[in-house]
Amino acid sequence: MPNAIETVDVNVPVTVAYNQWTKFEEFPKFLSFVESVTQVTDTLTEWKVKVGGVEREFEARITEQHPDERVAWNSTGGQVDHAGVVTFHKLAANETRVTVQLDWEATGLLEKAGAALGIDDHAIKKDLRNFKEFIEAKGTSDGGWRGDVKA
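Residues numbered from 1 in each chain as written. Predicted model: local features only at pLDDT ≥ 70, side-chain atom pairs only at ≥ 80, totals over all residues. Heavy atoms only, no water.

To continue, consider the overall build of the protein chain. Of the regular secondary structure elements, the protein chain holds three helices and seven strands. Helices and strands in the protein chain line up, N terminus first, as β-α-β-β-β-β-β-β-α-α. Here the protein chain holds 151 residues, and the buried ones make up 41% of them. When the accessible area of the protein chain is evaluated, it comes to approximately 7700 Å², of which 51% is carbon and sulfur surface. (Helix = DSSP H or I, 4+ residues; strand = E, 2+ residues; numbered from the N terminus. Buried < 20%, exposed > 50% of the residue type's maximum accessible area, 1.4 Å probe, protein only. Areas by Shrake-Rupley, 256 points an atom, 1.4 Å probe, with all protein chains shown as cover.)

The structure is reproduced here in structure tokens:
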């Protein structure tokens, strides 16, 4: 199962970074492979993604969530098998380190080739840079979910 760990430092307070990340419906604004995300319940999301020109749909369940610290999830159904966690570390009053770890099952020849060539790692790094640009330009977050989900 391929995996990737990528980190980016953003020049906003940890609460702003965390709140923006928990606004899943806004993921298409900075995650290039995400077509849409629908928040069904506090812990269930429905995703539409496009990877290598192939559209896929799946559900993901939030398995752990602690405000300003971490969000963990895994897919529960659909065409994508993956799990991940994003953590938030306060570096200074207006600086936060965001780390994303993803584990997924590559399916199909194109996805397996992409994983073997490290294209997935490049895409995750690029999307974290997109998040940095997005949240730093915005400077604030419009809400976000501050609930706690125990593992």
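From this point on, the discussion continues.
Tallying each qualifying case throughout the model produces nine salt bridges. The closest approach of N and O atoms between K125 and E6, which form a salt bridge, is 4.0 Å. With K125 in helix α3 (residues 119–138) and E6 in strand β1 (residues 3–10), this residue pair connects regions lying 119 residues apart in the sequence. On the accessibility criterion, E6 (13% relative accessible area) is buried. Residue E26 pairs with K29 through a salt bridge whose shortest N-O separation is 4.0 Å. Salt bridges sharing partners connect three or more residues here, namely K23, E26, K29 and K138. (Salt bridge = Lys/Arg side-chain N within 4 Å of Asp/Glu carboxyl O.)

This part covers the packing of aromatic side chains. The geometry of an aromatic ring pair is captured by two quantities: the separation of the ring centres and the angle between the planes. Summed over the entire model, instances satisfying the criterion amount to ten aromatic pairs. These aromatic residues form a ring-pair network of at least three members: W21, F24, F27, F30, W47, F58, F131 and F134. (Phe/Tyr/Trp six-rings, centres within 6.5 Å; stacked < 30°, edge-to-face > 60°.)

Confidence in the prediction for the protein chain averages 85 pLDDT; 85% of positions are at 70 or higher. Confidence, expressed as mean pLDDT per element, reaches its minimum in the protein chain at helix α2 (residues 108–117) with 45 and its maximum at helix α1 (residues 14–21) with 96. Scored below 50 in pLDDT, residues 109–119 shows twelve contacts in the model against residues more than four places distant or in partner chains. (pLDDT = per-residue confidence, 0-100. Contact = heavy atoms within 4.5 Å.)

Before going further, it helps to spend a moment on α1. Structural remark: α-helix, 3.6 residues per turn; residues separated by three or four positions point the same way. The buried fraction of α1 amounts to seven of the eight residues, a majority that puts the element mostly inside the structure. What α1 keeps buried is the set V14, V16, A17, Y18, N19, Q20 and W21.

This next bit is on unusual backbone geometry. Even without a glycine there, the phi angle at D68 is positive, about 65°. Note that D68 resides in the loop between β4 (54–66) and β5 (70–78).

By the element assignment, W73 lies in strand β5. C-alpha of W73 to C-alpha of T63: the two residues are ten residues apart in sequence and 5.0 Å apart in space.

Judged by nonpolar contacts, the single largest core of 33 residues is most densely connected at V10, W21, F27, W47, V86, F88 and V98. Contact partners of F88, with chain neighbours within four places excluded, come to V14, A17, Y18, W21, D68, E69, R70, T96, R97 and V98. (Core = buried A, V, L, I, M, F, W, Y, C linked by side-chain atoms within 4.5 Å.)

As a further point, take the side chain of K23. Mapped onto the secondary structure, K23 falls in the loop between α1 and β2 (34–39). Of the residues examined, K23 reaches a relative accessible area of 16% and is grouped as buried. Among residues more than four places away in sequence, those in contact with K23 are D142, G143 and G144.

Relative to the helices and strands, P67 resides in the loop between β4 and β5. For P67, a relative accessible area of 25% translates into the label partly exposed. Distance in space between the C-alpha atoms of P67 and R146 is 5.4 Å, their sequence separation being 79 residues. P67 has contacts with Y18, R146, G147 and D148, leaving out every residue within four places of it along the chain.

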